[in-house]
Amino acid sequence: MNTPISVVLDNASEESDSQQRQRCVDGLSALLPAGLMLSSAEELKPYESDGLTAFRKTPLLVVLPETIEQVSAILKWAKTNQVPVVARGAGTGLSGGALPHEQGILLGMAKFTRILELNPEHGYARVQPGVRNLAISDAARPHGLYYAPDPSSQIACTIGGNVAENSGGVHCLKYGLTVHNVLEITVVTIDGEILKIGSSGQDCAGYDLLALMHGSEGMLAVTVEVLVKLLPEPPCTRLLMASFASVEDAGNAVGEVIAAGIIPAGLELMDSPAIVAAEAFAQCGYPTDAAALLLCELDGLEEEVTEQIENASNVFTRCNASKLHIAANEHERLLLWKGRKSAFPAVGRLAPDYYCIDGTIPRSQLSHVLKQMAIWSDEYKLPIANVFHAGDGNLHPLILFDSNIPGELQRTEELGSKILLLCVEVGGTVTGEHGVGVEKINEMCVQFDQDALLQFHAVKAAFDPQTLLNPGKAVPTLQRCAEFGAMHVHHGELPFPELERF
Amino acid sequence: MNTNDDTAALQQAVQQACDTSSAINIQGGGSKSFLGKGGAVSTVSTLNHTGIVNYEPTELVVSVRAGTLLSDLTKELAANGQLLPFEPPQHDGATIGGVLACGLSGPTRPFTGSARDYVLGVRMINGQAQHLRFGGDVMKNVAGYDVSRLQIGAYGSLGLLLDASMKVLPVPQYELTLVSTRASTDDYSYIGGLARRALPVTAAAMQGNIQYIRLSGTEIAVKSAAKQLEGDIDSDANAFWPGLRDQSLEFFNTSKTLWRISVAEYAPVLPLSGDWLYDWSGAQRWLCSDEAPEAIFAAAAAVGGHATRYGTDDTALRFQPLTGTAQRLQKRLRDSFDADRLFNPGQFHPEFDSDQEQKQEKTSS
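Topic: the overall build of chain A
Across its full length, chain A holds 16 helices and 20 strands. The C-alpha atoms of chain A give 23 Å as radius of gyration, which agrees with the globular expectation for 502 residues (23 Å, within 12%). Expressed along its principal axes, the backbone C-alpha trace of chain A runs to roughly 70 × 65 × 40 Å. When each of the 502 residues of chain A is scored for burial, the buried share is 55%. Taking the intrachain contacts of chain A between residues at least 6 apart in sequence as the baseline, contacts between residues at least 24 apart amount to 73%.

The following block contains the structure:
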């Protein structure tokens, strides 16, 4: 009985959408050369979501500028005409940060794909925002250099998106996040002004806007150029794998190795369900009888790595490791990593659906959090597999469920909520690396109180008082405080299934 | 170490400043008066807000109250074989709040990172006397804007820092200094390339034509690296680094004006008269000079850098003046935290506060 009403409403809004669309096309056509705009339904379709495909929206139109001046003209026009703008890189993000706005322009930076300058002598690369993360390291490698942050989607994700999300990777315990490896960015403000932030030196005058821009999810300005630092490739890299009969022992070993003064380049923990799934998927040689597994990578000068491998082995033995194994060669090292990197799709084969959670906790709370999760897992009768960036406390519990069983999705969401709440409770955060986007916007209400959220809005207003840049993302309004969310993967269909997910 | 939570009193002090629209200077140990002070009549001290809130060595994280003496914190970390990786200057009486507000990092900065790189979270009070918490005690955290790191080097102009959480690292097992003589006093090209060598270099400087390189790490790595680098091992030279870090070397004892000039390490020799000391592989250049501030700011800007004047004279410009969009935007950012200019008015980039001064003058006249 309600159907006719909603049809009428839909038609009304559709009509107004097409009028709005035409207004944008007309306005921007006067400013831009032909061929930079997409506005037909089939052209807009590929842009309706990013890596978080559970959320989809169709933008009014997609604009694909080719120059900084065009970006400036588009933003200036958008401001004058009060049209929202959502910037998008490769669209690999997992939190819906690049989800389009239905009354807005989707600003695709895909044509900014040039490495403008690579200077091996001074150790930097000046790149356009659409350059892929891995393409920088590929270009630097002949000079013995590389760009350190290595998010799992690095073959596809772009540096502009990395800045927007402050992307990490498995090596960030030792080499830092994007914010630690970018020297300077050029941005365009919503006023269309072009501004350099940071410098070619080690710091700059005024406030540290470079830090503020990192992880700001396209809410403050649009990044149009990035100057990244290149590091020398370590002469020697080796991987040590340790098996444990209990997760507590493995968690304890992580703390002990750090207490011994060793900072591994990567330190990853998997629990039994994750080990079994990864081994079945990748046949990489994991001990499927272990309750927990640590992958500990060490790099540096050869003498140093040899010594540290020995020290770390002693620590693990002392912490009741049941088995130690050092990758015999580069082939085996990469194979052992492959198992870890395919943990998500591997777990995806165990059940029709899974939820991925991205909380971070202080490492000392690992045992407590894992025990509590095991209790809840029994209580809810929903299995949980855990992969953990143990070095920096970033936990990815994967809750297995079947959305075809009535009520199970709801119970999974409830369990996910409990786990995230626990992360915050023990001093952690609701998102370690995937970003807030639209996905975790409600959880922000739990992590931050009203005054902190208001301060975030005030910061936003300093850059974009009309909230035209990526409106509705990252920071919730005070009215919006509801339940938690999490990444929902149906039948193992990961967005971008070809990409490794850590 | 004294432990006292003075949050309530500090918040009350800011609330009162708020209610009476009277500005305050935030002060810790007062050890960095050579970096200026605010133009307010009254001062709020953080010295009673002290102690370590949370320290779990295996987490590599310490949370500490702003008024804690840097020397106390350093001692506590050292007792657990750890340190603040950005090697902050240990000026006499310095507090951790002051070090972070001034964003100061030592000789290791180009190799292991800066103060802001190691900050994970802060608790602070903004210009509306609101008690705010940003970031946390964990290394990876992308929830909300990175307001924590924004506080570092903001000279208290965005708020009063209550506590900060920082990442800490193990004290290197072994350290040595290599000393050599370069052909000329301007030849800093060798230290400029060290960050591209996969070696455990943690500091590189040149005073006159004497070049200093510090190596830190495992004994085996440091000794191996020393063989691959220019210079002779000189154990007397180990004392050079604290002197450089704290600006207590004889070089800094000058009748001229001391400037810190921050540029790319590969920036050319700047056309300014005076005595130079190159730290940070050439990216941080200390200059004792009688040149006019305008000339120094212009020379730094010409190569994409910036200059800061050290010294207690508060009448002349201290920070590289910002202009155009950068100035407008940063001024609005200051507005968003401290619209009424309660904190340290006129100290950090007075151009952010100029309208307010005019407004106040108008009201009083």
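Let's pick the thread back up.
As for the overall build of chain B
The number of helices and strands found in chain B is 12 helices and 17 strands. Against the compact-globule benchmark of 21 Å for 365 residues, chain B has a radius of gyration of 21 Å, which places it among compact chains. Its C-alpha atoms give chain B principal-axis dimensions of roughly 65 × 50 × 35 Å. Here chain B holds 365 residues, and 53% of them are scored as buried. Considering only contacts in chain B between residues 6 or more positions apart, those separated by 24 or more positions represent 67%.

Examining the sheet that holds strand E1 (residues 37–38) of chain A
Residue and element names in this part refer to chain A. Pairing is mixed in the open sheet, where 4 strands are placed in the order E1-E2-E4-E3. This sheet does not close on itself; its edge strands, each paired only once, are E1 and strand E3 (85–88). As paired elements, strand E2 (residues 61–63) and strand E4 (residues 105–108) share 3 bridges and run parallel to each other. Across the sheet, the residue bridging to Val63 is Leu107, located in E4.

Points about the sheet that holds strand E13 (residues 232–233) of chain B
In spatial order, the strands read E13-E10-E12-E11-E15-E16-E14-E17 (chain B); together these 8 strands make up an open sheet with antiparallel pairing. The two strands at the open ends of the sheet, each matched to only one other strand, are E13 and strand E17 (306–310) of chain B.

Focus on the interface of chain B and chain A
The partner chain A presents 71 residues to the 69 residues of chain B that form the contact. Of all the elements in the fold, those that place two or more residues in the side of chain B that touches chain A are helix H4 (109–112), helix H5 (115–118), strand E7 (131–135), helix H6 (147–151), strand E9 (169–170), helix H8 (219–227) and helix H11 (324–338) of chain B. The element best represented in the side of chain B that touches chain A is H11(B), accounting for 8 residues.

Digging into the environment of B:Val168
Residues and elements named next belong to chain B. In this fold, Val168 is placed in the loop between strand E8 (160–167) and E9. Assessed through the 20 C-beta atoms surrounding it within 10 Å, Val168 is described here as buried. As for Val168 and Pro242, which are separated by 74 residues in sequence, their C-alpha atoms are 19 Å apart. Setting aside residues no more than four positions away along its own chain, Val168 makes contact with Leu60, Val61, Val62, Leu77, Gln82, Leu83, Leu84 and Pro85.

What to know about helix H11 (residues 330–341) of chain A
Spacing of three or four residues puts side chains on the same side of an α-helix, whose turn is 3.6 residues. Residues and elements named next belong to chain A. Relative to the 16 Å expected for 12 residues at 1.5 Å per residue, H11 spans 16 Å between its end C-alpha atoms, a close match to the ideal helical length. Leu336, Trp337, Gly339, Arg340 and Lys341 are the residues of H11 that are buried. Those residues of H11 that are buried are in contact with strand E12 (236–244), strand E13 (266–271), helix H9 (272–282), strand E14 (292–300) and helix H12 (343–348).

Section: unusual backbone geometry
Peptide bonds are trans in most cases, and residues, glycine excluded, mostly fall at negative phi. All names here are of chain A. Located in the positive-phi region is Gln82, a residue other than glycine, with phi close to 55°. Tracing the chain through its elements places Gln82 in the loop between helix H3 (68–81) and E3. Residue Gln82 is classed as exposed on the basis of its C-beta count, with 9 C-beta atoms lying within 10 Å.

A closer look at the pairing of E14(A)
For a regular strand, the rule is simple: side chains alternate between the two faces of the sheet. Residue and element names in this part refer to chain A. For E14, the tally of buried residues reaches 9 of 9 residues, placing the bulk of the element in the interior. The alternating pattern of E14 places Ala292, Leu294, Cys296, Leu298 and Gly300 and Leu293, Leu295, Glu297 and Asp299 on opposite faces, both of which are buried. Relative to E14, E12 runs antiparallel, the two being bridged by 9 bridges. Looking at E14, one finds that Arg238 is bridged to Leu298.

Some thoughts on the packing of H9(A) against H11(A)
Residue and element names in this part refer to chain A. Following both chains from N to C, one finds H9 and H11 inclined at 120°, their axes separated by 8 Å at the closest point. Relative to H11, H9 is oriented oblique. When the axes of H9 and H11 are compared, the crossing they make is right-handed. Listed contacts from H11 to Ala278, Glu279 and Ala282 of H9 are Lys338, Gly339 and Arg340. When the residues that make up the contact of H9 with H11 are grouped by side-chain class, the tally is 2 nonpolar, 1 polar and 3 charged.

Let's talk about the nonpolar core
Ranked by size, the top nonpolar core spans 248 residues in total, and within it A:Val85, A:Ile105, A:Leu107, A:Met213, A:Val228, A:Ala253 and A:Leu294 carry the most contacts. With residues near it in sequence (within four places) discarded, A:Val85 still touches A:Leu75, A:Ala78, A:Gly104, A:Ile105, A:Leu107, A:Leu468 and A:Leu469.

Quick notes on the confidence of the model for chain B
Residues and elements named next belong to chain B. In this model, chain B carries a mean pLDDT of 95, and residues with pLDDT of at least 70 account for 97%. In this model residues 357–365 is a low-confidence stretch, pLDDT under 50, and it forms 1 contact with partners more than four residues away in sequence or in other chains. Confidence metrics for the complex model read pTM 0.92 and ipTM 0.96.

Some words on the pairing of E3(A)
Residues and elements named next belong to chain A. Residues Val85 and Ala87 line one face of E3 and the alternating positions Val86 and Arg88 line the opposite face, and both faces are buried. For E3 and E4, the ladder comprises 4 bridges, and the chain directions are parallel. Bridging from a neighbouring strand, Ala87 pairs with Leu107 of E4.

Overview of the packing of helix H10 (residues 302–318) of chain A against H8(B)
When two helices pack together, their arrangement is given by the angle between the helix axes and by the axis-to-axis distance. The contact between H10(A) and H8(B) brings their axes to 8 Å, and the two run at 175°. Here H10(A) lies roughly antiparallel to H8(B), going by the angle between them. Residues A:Glu303, A:Glu304 and A:Glu307 of H10(A) form the contact with H8(B), whose own contacting residues are B:Ile220, B:Ala221 and B:Ser224. By residue class, the composition of the contact of H10(A) with H8(B) is 2 nonpolar, 1 polar and 3 charged.

Overview of the environment of A:Ala282
All names here are of chain A. Note on placement: Ala282 falls in helix H9. Given 20 C-beta atoms within 10 Å, Ala282 falls into the buried group. Each C-alpha atom of the pair Ala282 and Ile74 lies 47 Å from the other, and the pair is 208 residues apart in sequence. Excluding residues that lie within four positions of it along the chain, Ala282 makes contacts with Lys338, Gly339, Ser342 and Ala346.

Examining helix H4 (residues 133–140) of chain A
All names here are of chain A. All of the buried residues in H4 are Asn133, Ile136, Ser137 and Ala140. Buried residues of H4, seen end-on, are gathered within an arc of 90° and therefore sit on one face of the element. As for H4, its buried residues are in contact with strand E5 (115–119), strand E6 (124–127), strand E7 (145–146), helix H5 (159–165) and strand E10 (222–229).

What to know about the confidence of the model for chain A
Residue and element names in this part refer to chain A. Per-residue confidence for chain A averages 90 on the pLDDT scale, and 93% of its residues sit at or above 70. Contacts from residues 1–12, a stretch scored under 50 in pLDDT, to residues over four places away or in other chains number 0 contacts. A low-confidence stretch, residues 482–492 (pLDDT under 50), is modelled with 36 contacts involving residues beyond four sequence positions or located in other chains.

Here's the deal with the environment of A:Tyr207
Relative to the helices and strands, A:Tyr207 is located in the loop between strand E9 (194–198) and helix H7 (209–213). Using a count of 28 C-beta atoms within 10 Å as the deciding quantity, one classes A:Tyr207 as buried. For the pair A:Tyr207 and A:Ile197, spaced 10 residues apart in sequence, the C-alpha to C-alpha distance is 9.8 Å. In this structure, A:Tyr207 is in contact with B:Leu150, B:Ala154, B:Gln330 and B:Leu333, ignoring residues within four places of it in sequence.

Cut-offs applied
- Residues numbered from 1 in each chain as written.
- Chains lettered and ligands numbered in written order.
- Predicted model: local features only at pLDDT ≥ 70, side-chain atom pairs only at ≥ 80, totals over all residues.
- Helix = DSSP H or I, 4+ residues; strand = E, 2+ residues; numbered from the N terminus.
- Rg over C-alpha atoms; globule rule 2.2 N^0.38 Å.
- Buried ≥ 20, exposed ≤ 12 C-beta atoms within 10 Å, placed from the backbone.
- Contact = placed C-beta atoms within 7 Å.
- Pairing = 2+ DSSP bridges.
- Expected span 1.5 Å × (residues − 1).
- Axes fitted to C-alpha atoms, helices over the stretch in contact; angles between N-to-C directions.
- Parallel < 35°, antiparallel > 145°, perpendicular 65-115°, else oblique.
- Left-handed = near helix turned anticlockwise from the far one by under 90°.
- Nonpolar A, V, L, I, M, F, W, Y, C, P; charged D, E, K, R; others polar.
- Core = buried A, V, L, I, M, F, W, Y, C linked by C-beta atoms within 7 Å.
- pLDDT = per-residue confidence, 0-100.
- Arc of directions from axis to C-beta.

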